[in-house]
Amino acid sequence: MDLVATSAAVSATSSRKTKVELLADALRRLGPEEIVAGSAYLAGELRQRQTGVGWATLRQAPPPAGEPTLTVAAVDRAIEEISQVGGAGSQGRRRELVGALFAAATADEQRHLVGLFGGELRQGAQAGLLVDAIARAGEVPVTLVRRALLLAGDLKEVAVAALTGGAAALAEVALRVGRPLAPMLAQSAASVDDALAATGVPAVVDVKLDGIRIQVHRSGDEVAVFTRSLDDITPRLPEVVAAVRALPAREIVLDGEAMALDAAGRPRPFQETASRAATRGAPVTVLTPYFFDLLHLDGADLLDAPGRERWGALAEAVPAPLLVGRTAVTTPAEAAEAFAAALAAGQEGVVVKSPESAYDVGRRGAAWVKVKPRHTLDLVVLAVEWGHGRRKGWLSNLHLGARDPQTGGFVMLGKTFKGLTDELLRWQTERFLELAVDKGDWVVTVRPEQVVEIAFDGVQASPRYPGGVALRFARVLRYRDDKTAAEADTIETVKAIHAKT
DNA sequence: TTCCGACAGTGGGGTCGCAAT
DNA sequence: ATTGCGACCCCACTATCGGAA
């Protein structure tokens with residue numbers, strides 16, 4: 001496959017303009033029937049959403065072929081067959097088919113296929129750069145391609161439209177009730193004041209619910225529920241379907257969050273919402289939907305309307321109990337009050353929004369800014385893992401432990417690789433090799449002496465770690481060379497935080 | 001010339017269903 | 001019955017490029 005050579009060239013350059021040129025050239029060379037699978041491969045994806053093949057299945061590959069014979073169409077056919085396999089004996093059958101595909105691939109093609117199956121091609125180009133490449137190859141405006149992608153939620157479809165139908169075909173792509181579109185995302189800020197600085201005043205402050213994002217489409221009696229990644233989870237959320245079916249609207253597209261509540265109406269931990277949302281069959285706990293935006297109502301698209309107009313229409317279309325808590329504010333003090341109230345109600349935080357902004361499909365703009373409280377602890381590094389990719393050769397992923405005064409030892413609470421600059425990576429590689437007691441190929445165990453200040457969002461119950469608790473979203477703030485391990489925070493402190501939330 | 005938005009990469013914890021052991 | 005795997009839910013943060021200011 002000639003796409004493999006393109007991918008290698010894309011990997012080899014750091015220039016985004018060059019990457020786009022290379023990808024555009026490859027797109028132009030695709031035959032009409034190859035655009036769907038080929039554009040996916042160039043973006044580092046497969047046409048098929050699920051294949052049942054992951055890293056473990058790919059570990060043992062047969063020897064590569066000497067001569068390249070694979071075509072886009074042949075690869076797509078093979079993968080389609082693999083993804084159709086199911087039932088007893090499926091794992092063996094899948095391995096057989098994967099083996100046959102890999103035996104027909106050259107060494108370069110094998111590497112490329114592993115990246116595609118694993119979803120980690122790491123060529124420095126994904127759907128984002130493909131948008132630019134599609135625009136260039138189809139000789140159409142890039143803004144048109146981007147808008148089509150976000151409204152259609154599918155890169156392959158947009159590639160076909162741009163390369164075979166040009167600007168006219170792209171312009172026809174619009175919000176369609178029943179087809180998910182990329183949800184608008186929020187930036188984060190460290191404080192409500194910072195958030196307000198980004199959005200400006202006046203602003204509105206929405207309660208941030210710790211559940212799962214839902215986009216609900218209704219057309220007549222047909223209701224569909226989609227996740228943030230545009231997966232269809234309609235069969236798993238009958239209670240949400242029922243709630244939306246009970247609305248007076250005929251055609252509606254809603255954006256919101258679904259979460260589990262206790263008898264008093266307070267939020268349950270995220271894990272309970274996630275468990276419920278992943279469960280098929282009769283629900284035991286019920287998820288409650290809360291909506292904060294309205295994208296379409298009875299034939300009218302509202303994406304370009306200002307936030308206050310969308311909210312006004314939402315408040316008329318949906319009963320008040322199904323609306324996310326919202327406070328209009330004109331001062332930082334009022335915003336701070338709304339933040340405190342959200343936390344007092346047991347919620348995750350707030351999202352500060354500009355009331356004038358449009359619904360910026362698929363964007364993480366300054367119009368929505370989330371604020372969550374942050375905890376910190378001084379923990380001890382117990383071990384470090386060697387990094388991959390650009391972190392190869394550096395010790396990267398830290399194993400974190402809290403002090404256990406009972407035993408004099410340490411209790412592992414999780415890992416983190418976040419918050420590290422290149423300079424810190426260099427420093428810690430040297431430092432932990434000095435402290436090493438066991439230098440494995442993957443994990444380097446160290447004497448528990450180095451204290452590190454860790455930020456995190458909360459403590460959650462853990463079925464994996466020995467203390468029964470783990471940190472959520474842990475990241476490094478700084479190393480504490482002014483503290484010894486004997487002064488680190490204890491497991492009791494961590495459990496106390498868990499009990500409070 | 002400097003600033004900043006968008007993108008890609010580097011991985012984290014948890015849950016479920018399903019097939020194999 | 002338990003275990004391993006794949007697929008998804010939540011996600012933070014840094015480096016880099018290249019256009020905007």
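Further up the page is the structure itself.
Description of the structure in this document. Keep in mind it's a predicted model, so treat the numbers as computed, not measured.

Rules of the game
Note on numbering: residues in each chain are counted from 1, in written sequence order. As a convention, the first chain written is A and the first ligand written is 1, with the rest following in written order. Thresholds applied to this predicted model are a pLDDT of at least 70 for local features of residues and 80 or more for the giving and counting of side-chain atom pairs; totals over whole chains, interfaces and linings are not thresholded and use all residues. Remark: hydrogens and water are excluded; side-chain values derive from all non-hydrogen atoms of the structure. If DSSP finds at least two bridges between two strands, the strands pair. A run of DSSP states H or I qualifies as a helix once it reaches four residues; a run of E qualifies as a strand once it reaches two. Both are numbered from the N-terminal end. Throughout, the term near means that a residue has one or more heavy atoms lying within 4 Å of the molecule or strand in question. Any pair of N or O atoms that falls within 3.5 Å is considered a polar contact. Within protein, one atom must be able to donate a hydrogen and the other to accept it, and sequence-neighbouring residues count only if both atoms are side-chain atoms. Under this scheme, a helix contributes an axis fitted over its contacting stretch, all axes are lines through C-alpha atoms, and angles between N-to-C directions fall in the 0 to 180 degree range. Whether two residues are in contact is decided by their heavy atoms: any pair within 4.5 Å suffices.

Some points on the pairing of strand β14 (residues 436–439)
Right, so step 1: Here β14 pairs with strand β15 (residues 443–446) via three bridges, running antiparallel. Residue pairing across strands places Ala436 opposite Val446, the latter belonging to β15.
Right, so step 2: A loop of three residues connects β14 with β15, the two strands running antiparallel in sequence.

Remarks on the protein's contact with DNA strand B
Right, so step 1: If you check the shell around DNA strand B, you find 41 residues, and the closest are Gly124, Arg390, Asn397, Phe417 and Tyr465.
Right, so step 2: Restricting the count to atoms of DNA strand B within 4 Å of the protein gives a sugar and phosphate share of 87%.
Right, so step 3: In this structure, Gly124 approaches DNA strand B through a main-chain N or O atom, which is 2.3 Å from a phosphate oxygen.
Right, so step 4: Within the backbone of Gln126, an N or O atom sits 2.6 Å from a phosphate oxygen of DNA strand B.

Observations regarding the sheet that holds strand β9 (residues 349–353)
Note: strands within a sheet are paired through backbone hydrogen bonds, in either parallel or antiparallel orientation.
Right, so step 1: The mixed open sheet is built from five strands, whose spatial order is β1-β10-β9-β2-β8. Lying at the two open borders of the sheet, with one neighbouring strand each, are β1 (187–189) and β8 (326–329). Between one strand and the next, the sheet's axes are offset by a mean angle of 30°, whatever the strand orientation.
Right, so step 2: Pairing analysis gives five bridges linking strand β2 (residues 203–208) to β9, with the strands arranged antiparallel. Bridge assignment links Lys208 to a residue of β9, and that residue is Gly349.
Right, so step 3: Docked against the sheet, helix α11 (residues 192–199) engages β1, β2, β8, β9 and β10 (368–371), running at close to 180° with respect to β10.

Quick look at the sheet that holds strand β5 (residues 251–260)
Right, so step 1: Taken in spatial order, the five strands line up as β4-β3-β5-β6-β7 in an open sheet, and their pairing is antiparallel. Two strands bound the open sheet, and with one partner strand each, they are β4 (222–226) and β7 (300–301).
Right, so step 2: Summarising the sheet, strand β6 (residues 287–297) and β7 pair through two bridges and their orientation is antiparallel. By the bridge assignment for β7, His296 is matched with Asp301.
Right, so step 3: Running at roughly 125° to β6, helix α14 (residues 307–317) makes contact with β5 and β6 of the sheet.

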